[in-house]
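# Examining the three-dimensional arrangement
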Amino acid sequence: MTLSWKLVIDSMNAPVLADFWAAALGYEVEDPGELIGQLLAAGRIGEEAIAEHQGRKTFRGYAAVRHPDDPFDEAGGIGRGRRLLFQDVPEVKAGKNRLHIDIHGEPGGLGQLVARLVDLGATRVREEDRGPAGHWWVMRDPEGNEFCAV
């Protein structure tokens, strides 16, 4: 049995971080606008729960991205497969991640992958070349979360 999943990532600005990761992974930013409209109309949430980002209504403090080939709820825009959910928290990131994402590029295309990620807002931390064991860059997303470009 295949399970759907989401990785929840603490953030300071969920919509902006979701934009970065959607572009980095080729994922789609979820659009919960229709669901938000239904919840507002039913009185289940108030305007204080809503924000706007790039012309779309979002849940304040939350944003998600999903794999473009995975199923999703058309009425709510919520993915039912591989997802990253960003949730704003009051504290800043402290220390090293205990979990990180590896982004794999085309064979021989590490330089191009790293350059694309830097253009999106990532920063290089260090290059690791372990010969036959692998060659990658440790990088940080715009909020300082570590990941690897392989």
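Basis of the calculations
Residues numbered from 1 in each chain as written. Predicted model: local features only at pLDDT ≥ 70, side-chain atom pairs only at ≥ 80, totals over all residues. Heavy atoms only, no water. pLDDT = per-residue confidence, 0-100. Helix = DSSP H or I, 4+ residues; strand = E, 2+ residues; numbered from the N terminus. Pairing = 2+ DSSP bridges. Polar contact = N/O pair within 3.5 Å; in protein donor to acceptor, adjacent residues only side chain to side chain. Contact = heavy atoms within 4.5 Å. Buried < 20%, exposed > 50% of the residue type's maximum accessible area, 1.4 Å probe, protein only. Core = buried A, V, L, I, M, F, W, Y, C linked by side-chain atoms within 4.5 Å.

## Thoughts on the confidence of the model for the chain
- Predicted confidence across the chain gives a mean pLDDT of 94, with 99% of residues reaching 70 or more.
- Within the chain, strand E1 (residues 5-11) has the poorest average pLDDT of any element, 93, and helix H1 (residues 14-25) the best, 98.

## Focus on the pairing of strand E3 (residues 50-53)
- As judged from the four bridges shared by E3 and strand E4 (residues 56-59), these two strands associate in the antiparallel manner. If you follow His 53 over to E4, its bridge partner there is Arg 56.
- Taking the residues that link successive antiparallel strands as the turn, the E3-E4 hairpin has two residues, and the phi of Gln 54 there is positive, at about 50 degrees.

## Brief notes about the sheet that holds strand E6 (residues 82-88)
- With mixed pairing, the four strands of this open sheet are ordered in space as E1-E6-E5-E2. Two strands close off the open sheet at either side, each with one partner strand: E1 and strand E2 (28-29).
- Pairing between E1 and E6: seven bridges, direction parallel. Bridging across to E6, Trp 5 finds its partner in Arg 82.

## Focus on the side chain of Glu 146
- Mapped onto the secondary structure, Glu 146 falls in strand E10 (residues 146-149).
- There is a polar contact of 3.4 Å between the side chain of Glu 146 and the side chain of Lys 93.
- Setting aside chain neighbours within four positions, we find Glu 146 in contact with Lys 93, Gly 95, Lys 96, Asn 97, His 100, Met 139 and Arg 140.

## Here's the deal with the sheet that holds strand E7 (residues 102-103)
- Spatial ordering of the open sheet is given by E7-E10-E9-E8, a layout of four strands whose pairing is mixed. At either margin of the open sheet sits one strand with a lone partner, and together these are E7 and strand E8 (123-129).

## Here's the deal with unusual backbone geometry
- Even without being a glycine, Gln 54 presents a positive backbone phi close to 50 degrees.
- Along the chain, Gln 54 turns up in the loop between E3 and E4.
- With relative accessibility at 66%, the residue Gln 54 sits in the exposed group.

## Describing the nonpolar core
- In this structure, Trp 21, Phe 86, Ile 103, Leu 117, Met 139, Phe 147 and Ala 149 are the most contacted members of the largest nonpolar core, which totals 24 residues.
- Among the elements of the structure, H1, strand E5 (62-66), E6, helix H3 (110-120), strand E9 (135-140) and E10 are those that each provide at least two residues to this core.
- Per-element accounting of this core gives the leading share, seven residues, to H1.
- Not counting residues up to four positions away in its chain, the partners in contact with Trp 21 are Leu 84, Phe 86, Ile 101, Ile 103, Asp 141 and Phe 147.

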